[in-house]
Amino acid sequence: MLIVNVALPVPIARTFDYLLPDNTAPVVGGRVLVPFGHRQAIGIVISIKEHKELTISKLKTISKVIDNQSLFSNSLWRILNWAIRYYHYPVGRVLFHALPILLRQGKPAEITPLWQWVATEQGHSTLPKSLKVPKQQQALLILLQGPVYCNQVKKLQLINTTLEELRNKGLCDLRLQKKKSYDWRPKFSVNNEWRHLYLNTEQSLAVNSIRSEDDRFFVWLLAGITSSGKTEVYLTVLEHILAKGKQALVLVPEINLTPQTIVRFRKRFNAPVEVLHSELKSSEKLNVWLQAKSGECAIVIGTRSAIFTPFAKLGMIIIDEEHDSSYKQHEGWRYHARNLAICRAKEENIPIILGTATPSMETLYNVQQKKYRQLTLSKRAGKAKPTEQQLLDIKGLPLIHGLSAPLLEKMRVHLQVDNQVMLFLNRRGFAPSLLCHGCGWSAECKHCDHSYTLHQQQRQLLCHYCNSQRTLPHQCYQCGSTKLIPIGLGTEQLETALKNIFPKVPVTRIDRDTTKRKGTLEIYLAKIQHGGARILIGTQMLAKGHHFPDVTLVSLLDVDGALFSSDFRATEHFAQLYTQVAGRAGRADKCGEVLLQTHHPDHPLLQTLLNNGYMDYANQILKERSQAGLPPFKTHILFRADDHDNQQAGLFLDKIRQVLESSPLRDNSLWLMGPIPALVPKRGGRFRWQLLLSHPLRPQLQRFITANLPLINNLYQNRKVKWSLDVDPLDC
Ligand code: ADP
Ligand code: ZN
Ligand code: ZN
């Protein structure tokens, strides 16, 4: 008799044995339906073994075999098994996390036919250039590279009426997606029209280096300043990879997944480029997943979780903006997609490119250790000119809604010659707090250690930590005074102020409030590109990845807070953010200018950053981290616990500390800190505590945790306490 070992999506670090009914053939990595408690659950087969002297009478029998082939590629299977040990996360949870939602629910692993726009035969034999209307040219070009799902139309900056015009000409049509698979390889070619024939010297060097090693595992750091042509390098090296019939995975941070990026990849290759991101419907996600697995699509561009896409023949992984913290999952299984990607490249024995203008400390450290090789693009590509950067000392200057007179003057100069101005303020809402002038009361969230943010337009107070809200009071809750005054500056207020100061200039604000509805961000971005907006106000949503050729002045209004934060990563993040924001200025043939308003113009951080650039500054941070014994020189593992009354969480972590301290495996290099309250001690009504472990040697620390985790799991667990373990935490 055979026994099947099955992983279930439960929060326990174990698997379950079942008996196999006759005439069924489950596969390792495939799904089965099994009785679990009083219900039926979907599980993933971990192994199938011959039973020995087990008391099998107690085992239940599998109810149904769902898949007759594994849902995971061999390499993905090995990586996930490695990740279970690395992140100390329950096996079932990890495996299910890696699957599209529909598969977790037991739906069949097959394409759901969906409506798509496709180029007709006539469309395929028509040259886009022969069309008179540019929008039609663009639309046909994109369709020639592959079908477009109906709800991707906006994402690709296409317009339904344009598509209908093309349909009237017989060039495209709406069709239900075919289930039959299609092979792009024999017809693969590069659209030379969209190629820059002359890469500059640094780009060529980068391309040649990567090409010389593109058949095996190799980690490249492509450190290129904004607009230095990194994307051009990706595209050029991908030509070879695709020409060999291999596929590629391109990871981007969520907000960088812009139409521009997708269109650029689609235009370049005559091969299917598919996109995976959070706005897709479950059925669309599953379809892309299946197309990658069967080899039917050539490139998948996706956000964090796209790292779990199976590929028939993966040839390269690219991580754009590798420093971006959105690659780290912040709840549940707290994996880092860059970490998994490097591991995956190693398993698949393929090259991986980490591209960024502002490498993370982890990556720079690995370059120093000679584990990764750095390629540098130090100049802006094409005609783009370097930007001029300046500190604007605002000590003692009067500020109108956060704007100093010299800044307003500069804005006038740039606006007068029809350029765009971008103001960066990383705080949405009207004002970060509301204060009673009568008694000093300020509106604080009941559930968090945090002030309510005033949102004037919605007439609401909103907590940005837990999203709780209340209507805007007319009177102080404490003394009844009606003199409630907004304190501080948010993007909404800035927008109102600028509309008054520059009444004739169109102002566009881009933040999470203005782009809540699906597709609105795309509409705003298009508006900016076509000159329909002259002053752009944005939070970090606007700071990254977008190309705005007419922006010539960029100003950061209020970033001093980052200089004095208690989080040791704050300076790194500030330097990255500053460099990204500054990179928005002057991308085309126009000179760019960056103005940073500050009360601390002499701060060494600002001086190094502005005078010597990010890389110099990063090296300085690395030295400091090394001296202070902080990551990446040490490995951190963080236990977190929270409760609702601040009674148990700290105590529970204290018990964990006792277990760890009394462990015979403990060595002198292990350093424990805590339990202490978390950086944000109260959030969403939960009191949060943490216990930090630090060790110079990762394998030692990992073994120590593995050995002690069963004891920790067995600790008397108060139901009121929720706890988790975070390997390589980013916020502690
Ligand atoms: P990055 O990804 O580093 O921000 P991009 O690859 O997007 O840079 O390039 C920035 C701009 O410069 C784009 O408009 C791109 O088309 C252009 N560009 C890139 N490489 C070259 C080149 N070798 N010659 C001319 N223009 C280039
Ligand atoms: Zn009051
Ligand atoms: Zn709150």
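Just above, that's the structure.
Not measured: the values here are computed from a predicted model.

What counts and how
Residues numbered from 1 in each chain as written. Chains lettered and ligands numbered in written order. Predicted model: local features only at pLDDT ≥ 70, side-chain atom pairs only at ≥ 80, totals over all residues. Heavy atoms only, no water. 1 Å grid on protein atoms, 1.4 Å probe; cavity = no way out; pocket = protein on both sides within 12 Å on 5 of 7 lines; lining within 4 Å. Points joined across faces, edges and corners; volume = space filled by probe spheres on them. Helix = DSSP H or I, 4+ residues; strand = E, 2+ residues; numbered from the N terminus. Nonpolar A, V, L, I, M, F, W, Y, C, P; charged D, E, K, R; others polar. Salt bridge = Lys/Arg side-chain N within 4 Å of Asp/Glu carboxyl O. Buried < 20%, exposed > 50% of the residue type's maximum accessible area, 1.4 Å probe, protein only. Contact = heavy atoms within 4.5 Å. Donors = N, O, S within 2.8 Å, 3.2 Å for Na, K, Ca; no water. Tetrahedral: all angles 85-135°; square planar, octahedral: opposite > 155°, others 65-115°. Pairing = 2+ DSSP bridges. Axes fitted to C-alpha atoms, helices over the stretch in contact; angles between N-to-C directions. Polar contact = N/O pair within 3.5 Å; in protein donor to acceptor, adjacent residues only side chain to side chain. Core = buried A, V, L, I, M, F, W, Y, C linked by side-chain atoms within 4.5 Å.

A. Inspection of empty space enclosed by the protein at higher detail. Taken as a whole and assessed by the stated rule, the structure comprises two cavities of 30 Å³ or more. As for the largest cavity, its lining consists of Pro 147, Val 148, Tyr 149, Gln 152, Leu 156, Ile 262, Arg 266, Val 273, Glu 274 and Val 275. Broken down by secondary-structure element, the contributors of at least two residues to the lining of the largest cavity are strand S7 (148-149), helix H9 (259-268) and strand S11 (273-276). No other element matches S11, which puts three residues into the lining of the largest cavity. When its residues are assigned to classes, the lining of the largest cavity shows seven nonpolar, one polar and two charged. Of the voids in this model, the second largest cavity is the one considered here, and its volume is about 40 Å³. Secondary structure elements with two or more residues in the lining of the second largest cavity: helix H1 (74-87) and helix H11 (337-348).

B. Structural context of the pattern of salt bridges. With the rule as written, the count across this model stands at 33 salt bridges. For Glu 232, the salt bridge identified is with Arg 264, shortest N-O distance 3.3 Å. Of this pair, Glu 232 sits in helix H8 (residues 230-243) while Arg 264 is found in helix H9, placing the two residues 32 residues apart along the sequence. Judged by relative accessible area, Glu 232 falls into the buried class, the value being 5%. The residue Arg 534 makes a salt bridge to Asp 418 at a minimum N-O spacing of 3.7 Å. One end of the pair, Arg 534, is in the loop between helix H15 (520-529) and strand S26 (535-538); the other, Asp 418, is in the loop between helix H13 (405-416) and strand S19 (420-424), and 116 residues separate them in sequence. One salt-bridge network, held together by shared partners, links Arg 211, Glu 232, Glu 239, Arg 264 and Arg 268.

C. The side chain of Ser 283, seen in detail. Within the fold, Ser 283 resides in helix H10 (residues 282-294). You can call Ser 283 buried: its relative accessible area is 16%. With residues near it in sequence (within four places) discarded, Ser 283 still touches Leu 102, Thr 112 and Leu 114.

D. Structural context of the coordination of the zinc ion (ligand 3). Ligation of the zinc ion (ligand 3) by protein atoms is provided by Cys 445 (SG), Cys 448 (SG), Cys 463 (SG) and Cys 466 (SG), these donors lying 2.2 to 2.3 Å from the ion. Considering all four donor atoms around the zinc ion (ligand 3), angles at the metal cover 105 to 114 degrees and the coordination shape is tetrahedral. Sequence positions of the donors to the zinc ion (ligand 3) reduce to the motif C-x2-C-x14-C-x2-C. Highlighted residues: Cys 445 in the loop between strand S20 (433-436) and strand S21 (453-455) and Cys 463 in the loop between strand S22 (460-462) and strand S23 (469-471), separated in sequence by 18 residues.

E. Region of the structure containing the sheet that holds S19. Taking strand neighbours across the sheet as the criterion, the six strands line up as S16-S28-S27-S19-S26-S25 in an open arrangement whose pairing is parallel. Whereas interior strands pair on both sides, the edge strands pair on one side only; in this sheet they are strand S16 (387-393) and strand S25 (507-510). Direction aside, the axes of adjacent strands within the sheet are offset by 20 degrees on average. Both S16 and strand S28 (residues 592-598) contribute to a ladder of seven bridges, which runs parallel. Residue Asp 393 lies in a different strand from S28, and its bridge partner there is Thr 598. Its contacts with the sheet place helix H17 (residues 570-582) against S16, S19, strand S27 (551-556) and S28, and it is angled at close to 140 degrees to S28.

F. Geometry of the side chain of Arg 268. Mapped onto the elements, Arg 268 comes out in helix H9. Of the residues examined, Arg 268 reaches a relative accessible area of 2% and is grouped as buried. A polar side-chain atom of Arg 268 sits 3.0 Å from a polar atom in the side chain of Glu 232.

G. Looking closely at the nonpolar core. Ranked by internal contacts, the top residues of the largest apolar core, which has 121 residues, are Trp 333, Phe 639 and Leu 693. For this core, the element with the most residues is H1, which contributes eight residues.

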